[in-house]
Amino acid sequence: MTLPKLRMSIPHNQLCPDNAAYAARADLNQTRMLGYTAYNRDAVTTLLLGLLENRPAVRHVSGVTEQGLKILDRTGIEIAEDMRVYETGQQANQHTQDLIDDGFKLFWAYPPKPEQWPEDSHLVSPDLWARLNAKRNLADLLGAQNLPTRTICSVEELAETPFERPVFLTYAGGEATGWGFGVRYCDNEADYRKAIAWFKEHEADQIAVEQSVDLVGCWCVNVAVTADNSVYCGAALQTFNGPAQQKGSVIDPSQPVPQKAIDLALKGSEAARMQGFLGLCAFDVGLGKDGKCYGFDPNFRFNACSTQIQFHQSAADRSGLNFSQSWAATSSKAPSEIEAALSGPIDDMWLVPTRFIDGNLLSTGDGKSLISGFIMAENESQADRLEQQLAKLL
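Overview of the structure. (Residues numbered from 1 in each chain as written. Predicted model: local features only at pLDDT ≥ 70, side-chain atom pairs only at ≥ 80, totals over all residues. Heavy atoms only, no water.)

**Some words on the overall build of the chain**
The secondary structure content of the chain amounts to 12 helices and 16 strands. Against the 2.2 N^0.38 benchmark of 21 Å for 394 residues, the chain shows a C-alpha radius of gyration of 21 Å, consistent with a compact globule. Taken along its principal axes, the extent of the C-alpha atoms in the chain is 60 × 50 × 45 Å. Relative to its 394 residues, the chain shows a buried fraction of 56%. Residue pairs at least 24 apart in sequence account for 71% of intrachain contacts in the chain once pairs closer than 6 positions are excluded. In the form shown here, the chain has an accessible surface area of approximately 16700 Å², with 46% of it arising from carbon and sulfur atoms. (Helix = DSSP H or I, 4+ residues; strand = E, 2+ residues; numbered from the N terminus. Rg over C-alpha atoms; globule rule 2.2 N^0.38 Å. Buried < 20%, exposed > 50% of the residue type's maximum accessible area, 1.4 Å probe, protein only. Contact = heavy atoms within 4.5 Å. Areas by Shrake-Rupley, 256 points an atom, 1.4 Å probe, with all protein chains shown as cover.)

**Regarding unusual backbone geometry**
Positive phi outside glycine occurs at Glu-53, with the angle close to 50 degrees. On the secondary structure map, Glu-53 appears in the loop between helix H2 (38-43) and strand E2 (56-60). Look at Asp-366: it is not a glycine, yet its phi comes out positive at around 55 degrees. With respect to the helices and strands, the residue Asp-366 is situated in the loop between strand E15 (351-357) and strand E16 (369-377).

**Notes on the pairing of strand E6 (residues 167-171)**
Most of E6 is tucked away: 5 of the 5 residues are buried. Alternating positions in E6 separate into two faces, Val-167, Leu-169 and Tyr-171 on one and Phe-168 and Thr-170 on the other, with burial throughout. Sheet topology places E6 next to strand E7 (residues 183-186); 4 bridges connect them, and they run antiparallel. Of the residues in E7, the one forming a bridge with Phe-168 is Tyr-185. Bridge count between E6 and strand E8 (residues 207-211): 5 bridges; the pairing is antiparallel. Residue pairing in the sheet places Val-167 in a bridge with Gln-211 of E8. (Pairing = 2+ DSSP bridges.)

**Describing the pattern of salt bridges**
All chains considered together, the criterion is met by 14 salt bridges. The salt bridge involving Asp-73 is made with Lys-5; its shortest N-O contact spans 3.4 Å. On the criterion of sequence distance, the pair formed by Asp-73 in helix H3 (residues 66-75) and Lys-5 in the segment before helix H1 (12-15) is long-range, its members being 68 residues apart. Classification of Asp-73 by relative accessible area gives partly exposed; the value is 45%. In this structure, Asp-82 and Arg-84 form a salt bridge, with 2.7 Å as the shortest nitrogen-oxygen distance. By sharing partners, the salt bridges in this structure join Asp-18, Glu-53 and Arg-55 into a single network. (Salt bridge = Lys/Arg side-chain N within 4 Å of Asp/Glu carboxyl O.)

**Details of the sheet that holds strand E13 (residues 293-299)**
Sheet architecture is open: 8 strands sit in the order E13-E12-E9-E10-E11-E14-E16-E15, paired in antiparallel fashion. Looking at the sheet topology across the chains shown, the edges are occupied by E13 and E15. Pairwise comparison of adjacent strand axes, ignoring direction, gives a mean angle of 30 degrees for this sheet. On the sheet, helix H9 (residues 259-273) packs against strand E9 (215-225), strand E10 (230-242), strand E12 (279-288) and E13 and is oriented at approximately 40 degrees with respect to E9. (Axes fitted to C-alpha atoms, helices over the stretch in contact; angles between N-to-C directions.)

**Overview of the sheet that holds strand E3 (residues 82-86)**
In spatial order, the strands read E3-E2-E1-E4; together these 4 strands make up an open sheet with parallel pairing. Two strands bound the open sheet, and with one partner strand each, they are E3 and strand E4 (105-107). For this sheet the average axis-to-axis angle between neighbouring strands, irrespective of direction, equals 25 degrees. In this sheet, E2 lies alongside strand E1 (residues 20-23) in parallel orientation, the contact comprising 2 bridges. Bridge pairing in E2 places Ala-23 opposite Val-58. Each of E1, E2, E3 and E4 touches helix H4 (residues 89-101); the most contacted strand, E3, lies at about 150 degrees to it.

**Thoughts on the environment of Asn-322**
Tracing the sequence through the fold places Asn-322 in the loop between helix H10 (306-319) and strand E14 (323-331). In this structure the C-alpha to C-alpha distance between Asn-322 and Gly-286, which are 36 residues apart in sequence, comes to 22 Å. With residues up to four places along the chain from it excluded, the contact list for Asn-322 reads Ile-251, Pro-253, His-312, Ala-316 and Ala-377.

**Remarks on the side chain of Arg-301**
For Arg-301, the location among the structural elements is in the loop between E13 and H10. Among buried charged residues, Arg-301 stands out as having no salt bridge; its nearest opposite-charge side chain is Asp-284, 7.0 Å away. The residues contacting Arg-301, other than those within four sequence positions of it, are Ala-109, Tyr-110, Trp-129, Thr-177, Gly-178, Leu-280, Cys-281 and Ala-282. (Lys, Arg positive; Asp, Glu negative; His and termini not counted.)

**Considering empty space enclosed by the protein**
According to the stated counting rule, one finds 2 cavities of 30 Å³ or more in the structure shown. The space that makes up the largest cavity amounts to roughly 190 Å³. If you go around the largest cavity, you meet 17 residues; those closest to its centre are Phe-107, Trp-108, Leu-278, Gly-279 and Leu-280. For the lining of the largest cavity, the secondary-structure elements that each account for two or more residues are E4 and E12. For the lining of the largest cavity, a count of residues per class yields 15 nonpolar, 1 polar and 1 charged. Looking at the second largest cavity, its volume works out to about 50 Å³. (1 Å grid on protein atoms, 1.4 Å probe; cavity = no way out; pocket = protein on both sides within 12 Å on 5 of 7 lines; lining within 4 Å. Points joined across faces, edges and corners; volume = space filled by probe spheres on them. Nonpolar A, V, L, I, M, F, W, Y, C, P; charged D, E, K, R; others polar.)

What follows is the structure, encoded as C-alpha cells:
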C-alpha cells in the first residue's frame, strides 16, 4: 500500500542552511548531564530522517538498514539525503572530515569533543552553543521577568543553604541537558541533600534553584532560526512521569499552545539569532495557573518532539485524526517480523514510525531493536489503547 507522502510543517531551507551537514555522533563526556551511554552515542545519528532533504548526514548503519528504510517509506517519509553510513567511530570521523573538506558546516544535537574539529567547521560554534544552552543565561534571552523566581549558585554554596520550601534544582552550566536528567524536585530536606550529593558526583558547577510554579501545562515550542528571521514551527505539550521528569509529548488541539508562549520562544530565538545562532531550537514554556507564561529551559538543538511536530499536521490531514502522542518500543523480533507487525497500523494511518534501529547491528543494544515515532488518535485515551495494541504486536 502506498500512503500519501508526509510533508514538513516548514520548508527544508528554514530548518537548516543548504550547506549544513548532520554529523551527530556524540561524545560521552559532553553528554554526561544527559546520562548518555555508548548506545546513545550512535543512536543519536539516526534521528531527523526525512527532514534534511538532500543534505549530507553521517549515520550509523543500524538506523538505515534496507528493512528500516522500507518501514519509513511505507509510512510516507521520503528520504533523499546524501547518506554517509558508518559502522565504527573511525569511519564516522572520516566521513565527517570529508564533509569539512568539501566545505560543509556541521550541526549536531550535542557538541563533539572539544578541538576535535576546527572551530569554523561548525554551523554554530560550540562556545556559542554552550553559552546559549546554559540555563544560567536564560534571563539574557527571555528576560528575568519571564522566568520562575530563581537563584544561581555553585553546588558548594547550595550545600551550605538550608532547605526552606519545595524547589527545583537544575543544572545551569554549559553541558548538554535533556528530559529532566539534570533536574531534581525537592519537597523535603532528605531529597534536597540527596540531590546536592548527586550534583557533586556529576561535577555540576552551577545550579539553578527555582521556585515551584503551579502549571496548566508546559510546551516544547520549536523555532527555526535562519540568517534573516525566526520562524515558529509548532509545539508539543510535554507529559511527565513526575515533577520535571519528561515521559513524552502530545499534540492536542484541545490544549493548544498559548500565543504568549510562542511569542516568548520567538523572543529568545531572535536574541540568539543576533548572536549568530542558526538552525532548529526550542524553549520549554509553561502556562501557570496564574495566567502567566514561564520559560524553563533553552534547547538550542532539535528536540525529541521535533520530528513529530514537523509531520503531525500532514499525518492529521491524511488520517483525519488530530491528536498525536509520541511512542517508542523495543523488540527482540527479527526486523522482517517487526515490519510485518507494524504494516497494518501504518497502512491504517494511525501509526507513524520515524526511526528504526536494528538491534543486531548496534552491539550496545543487547540485540533489541528500537522503533519510535508517534500515534495518531482522536484523543489521549484512544492513543493509550493503541499503544497497548502495539505492545502486543511487538
